[in-house]
Amino acid sequence: MSFIQELANSALKDYYLQKLIEKAEHIYGLNFLKKSSDDFLSEKEYLDIMRFADILSRDINCEGRNMAYKIISILYPFYKDDEYYKFICNSVMTKLGNFPSLGLIMEKDDVGRYDTPELLLDKQLKEVYQKVPGTEKIFTDAQYRLFEAIKDSNHFSFSGPTSFGKSFIMDAFINYIIDERHGVDNIIVLVPTRALINQVSKRLKVEIKHENYRVMTHPIVPAMYRRDNEKYVFVFTPERMIAYLSEKNNPLISYLFIDEAQKIIAKKDSRAPLYYQAVSMAERKSIKLFFASPNIPNSDIFLKLFDKSTDECMVIKEEPVSQNRFFIDFVERKEKMFTESGKDDVFEAFGNYNNLNELLLHLGSDKKNIVYCNSVEDTINFALSFSKELEEKRDPRIDEVIKLIQEYLHKDYYLIDCLKKGIAFHFGKLPQRIREKIEGLYEQKAIDYMFCTSTLLEGVNLPAQNIFILNNTIGLRKFTDVDFWNLAGRAGRLSKELSGNIICVRLDSNKWNVREL
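None of these values were measured; they are calculated from a predicted model.

Trainee: Outline the pairing of strand β8 (residues 322-329), listing residues and values.
Mentor: Burial analysis of β8 places seven of its eight residues in the buried class, which makes it a mostly covered element. Both β8 and strand β17 (residues 499-506) contribute to a ladder of eight bridges, which runs parallel. Paired with Phe 326 across the bridge in β17 is Ile 503. As paired strands, β8 and strand β9 (residues 334-338) are joined by five bridges and run antiparallel to one another. Paired with Arg 325 across the two strands is Phe 338, which belongs to β9. Counting the residues between successive antiparallel strands, the hairpin from β8 to β9 contains four residues, one of them, Arg 333, with a positive phi of roughly 55°.

Below is the structure:
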């Protein structure tokens with residue numbers, strides 16, 4: 001074991017570091033909840049915690065690396081303009097290979113300013129070896145390890161945090177296959193819902209630039225597209241994939257990417273058998289299988305299920321974005337923060353808000369916010385109630401969508417009242433065309449608050465700085481750990497924020513069992 005690794009191991013067990021992180025988290029919590037306070041790190045405490053971050057970033061294990069990133073992210077609001085902070089950040093993010101986050105911290109004038117000869121060499125090596133094929137983007141260290149492992153495999157299964165960038169890895173690997181194998185393979189991307197078909201196909205049409213490839217979403221290939229040199233990337237739900245593979249004359253498939261693979265083994269999902277049948281058909285046709293799932297501790301389970309070697313799997317625990325967890329209890333008038341040490345940091349006085357609308361305004365101003373409400377009825381009612389608190393927001397992008405809703409649904413549909421105030425609601429039964437327009441407005445930051453049901457658990461890519469969770473159920477069943485972290489994991493996204501905030505909100509005694517938290 002190297003001397004640096006011994007230092008990192010020792011630091012993780014250091015009681016002083018634990019107390020420093022608890023204090024830093026407390027200060028962050030006070031600032032996020034907008035509570036007045038005289039708490040701050042002393043100069044010695046600040047210098048010491050940053051030195052710890054530098055040491056931990058050199059850890060070969062994810063525990064130290066995640067802790068180093070956590071320190072950087074919670075100190076950012078207070079020290080982002082400090083020279084020493086930027087110097088250590090430059091070192092930490094380079095060691096983590098997290099150049100997207102480094103780009104959020106550094107101003108244009110800072111580029112190269114804090115590089116030592118050692119760091120400059122490290123950066124140059126990673127910029128060469130960890131470069132995403134065909135782009136100017138750079139893999140993080142964890143993404144690069146995964147990509148290199150997948151490249152050498154016939155089958156593979158991996159899981160990681162929601163913010164890890166599964167789609168980014170998949171897109172890079174598809175382009176790699178096309179280039180390395182000179183465009184001879186047809187590929188299927190399997191997704192759980194029709195909503196994801198549209199989102200994924202739109203993204204792939206941008207990412208796949210090979211002139212002979214066409215992205216398609218229907219299981220019948222029209223005769224006009226059946227040319228000798230024409231190849232395809234299909235984006236299917238299980239139903240469409242079964243229909244495609246059942247037709248003998250369809251082009252042969254070489255690779256299958258199963259997104260949201262946990263759906264195959266979901267005990268309470270009625271569509272799980274359909275997912276399993278689709279993948280089984282592919283396996284019988286000797287199609288190479290690649291599984292991607294969020295927050296599954298045993299990603300080899302999918303390989304076992306289809307009799308593949310369990311050596312070809314990886315569980316990613318390194319987090320490219322840190323998350324801060326809060327519990328706001330309107331029933332018992334309490335607020336607390338869940339710290340990295342596992343202790344509850346209970347704040348002395350309840351915040352200056354009397355209801356959900358005031359809380360959303362208090363914590364969500366100038367940020368992108370998702371509000372999980374469980375039922376369609378609650379989603380609409382909470383959105384309408386909150387919209388009454390806001391002034392109208394004039395935006396031609398919003399006006400265009402309102403006009404579409406008036407023509408497509410009804411001139412007085414509830415969603416129009418919300419959009420006029422810069423907020424929206426989102427659930428599965430909304431017409432697909434309307435959902436896509438709403439998602440577009442959110443991505444463009446034309447709307448700041450999205451009230452939603454569990455459609456976000458299906459992989460719809462709508463990250464936010466704040467996730468407000470009003471209920472710990474999906475329909476009548478309680479969240480599983482995977483459900484919770486799949487939703488909560490959308491708080492913060494690599495290259496967008498350093499961290500995200502998860503706010504569990506208890507509005508009445510029937511929601512959130514306090515003993516479970």
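Trainee: For the pattern of salt bridges, give the residues involved together with the corresponding values.
Mentor: Enumeration according to the criterion identifies 36 salt bridges in this entry. Of the charged contacts in the structure, one is a salt bridge between Glu 335 and Lys 35, with a shortest N-O distance of 2.6 Å. Of the two residues, Glu 335 is situated in strand β9 and Lys 35 in the loop between α2 (15-32) and α3 (43-56); the sequence distance between them amounts to 300 residues. Assigned by exposure class, Glu 335 and Lys 35 land together as buried. Residue Lys 95 pairs with Asp 122 through a salt bridge whose shortest N-O separation is 3.5 Å. Linking Lys 95 in helix α5 (residues 83-96) with Asp 122 in helix α7 (residues 117-129), this pair joins segments that are 27 residues apart in sequence. On the basis of relative accessible area, Lys 95 is assigned to the buried category, the value being 13%. The class of Asp 122 is buried, set by a relative accessible area of 16%. What emerges from the salt-bridge pattern is a single network uniting Asp 54, Arg 58, Lys 95, Glu 118 and Asp 122.

Trainee: Which residues make up the environment of Leu 96, and what values go with them?
Mentor: Looking at the secondary structure, you find Leu 96 in helix α5. The spacing of Leu 96 and Tyr 69 is 27 residues in sequence and 8.5 Å in space, taken between C-alpha atoms. Once residues lying within four places of it in the same chain are set aside, the contact partners of Leu 96 are Ser 57, Arg 65, Tyr 69, Lys 126, Thr 140, Asp 141 and Glu 318.

Trainee: Any details on the sheet that holds strand β2 (residues 187-190)? Residues and values, ideally.
Mentor: Within the open sheet, the seven strands sit side by side as β3-β4-β2-β5-β6-β1-β7. Their pairing is parallel. Looking at strand neighbours, the two that pair on one side only are β3 (213-216) and β7 (313-315), the edges of this open sheet. The average angle at which neighbouring strand axes cross in this sheet is 10°, direction not considered. With three bridges connecting them, strand β1 (residues 156-160) and β7 associate as parallel partners. Counterpart to Ser 159 in the pairing with β7 is Val 315. Contacts between helix α8 (residues 141-151) and the sheet are confined to β1, β6 (288-294) and β7, with β1 contributing the most and set at about 165° to the helix. Sheet strands in contact with helix α11 (residues 238-246) are β2, β4 (231-236) and β5 (255-258), and its direction is about 140° off that of β4.

Trainee: Can you tell me about the packing of α11 against helix α12 (residues 272-284), naming the residues and giving the values?
Mentor: If you want to describe how two helices pack, look at the angle between their axes and the distance between the axes. Direction vectors running N to C along α11 and α12 enclose 30°, while the axes themselves pass 9 Å from each other. For the element pair α11 / α12, the angle class is roughly parallel. By crossing handedness, the relation of α11 to α12 is classed as left-handed. Contacts from Pro 238, Glu 239, Met 241, Ile 242, Leu 245 and Ser 246 of α11 reach α12 at Leu 274, Tyr 275, Gln 277, Ala 278, Val 279, Met 281 and Ala 282. Residues that form the contact of α11 with α12 fall into these classes: ten nonpolar, two polar and one charged.

Trainee: Hey, could you go over the state of the cysteines for me, with residue numbers and the actual values?
Mentor: Taken as a whole, this structure holds zero disulfides when the rule is applied. Unpaired in this structure, Cys 62 has its nearest cysteine sulfur neighbour in Cys 313, at a distance of 15 Å. Take Cys 62: its relative accessible area is 19%, and that puts it in the buried class. For Cys 373, which is in no disulfide, the shortest distance to another cysteine sulfur is to Cys 452 and amounts to 6.6 Å. By relative accessible area, Cys 373 is classed as buried at 1%.

Trainee: Residue-level account of the packing of helix α10 (residues 194-207) against helix α18 (residues 432-443), with values.
Mentor: Two elements in contact, α10 and α18, have axes whose closest approach is 11 Å; the angle formed by their N-to-C orientations is 50°. Classed by the angle they form, the pair α10 and α18 counts as oblique. In this structure, α10 crosses over α18, and the sense of that crossing is right-handed. Of α18, the residues touching α10 (which contributes Arg 194, Ala 195, Asn 198 and Gln 199) are Gln 432, Arg 435, Glu 436, Glu 439 and Glu 443. Its residues assigned to classes, the contact of α10 with α18 comprises one nonpolar, three polar and five charged.

Calculation notes
- Residues numbered from 1 in each chain as written.
- Predicted model: local features only at pLDDT ≥ 70, side-chain atom pairs only at ≥ 80, totals over all residues.
- Heavy atoms only, no water.
- Buried < 20%, exposed > 50% of the residue type's maximum accessible area, 1.4 Å probe, protein only.
- Helix = DSSP H or I, 4+ residues; strand = E, 2+ residues; numbered from the N terminus.
- Pairing = 2+ DSSP bridges.
- Salt bridge = Lys/Arg side-chain N within 4 Å of Asp/Glu carboxyl O.
- Contact = heavy atoms within 4.5 Å.
- Axes fitted to C-alpha atoms, helices over the stretch in contact; angles between N-to-C directions.
- Parallel < 35°, antiparallel > 145°, perpendicular 65-115°, else oblique.
- Left-handed = near helix turned anticlockwise from the far one by under 90°.
- Nonpolar A, V, L, I, M, F, W, Y, C, P; charged D, E, K, R; others polar.
- Disulfide = S-S within 2.5 Å.

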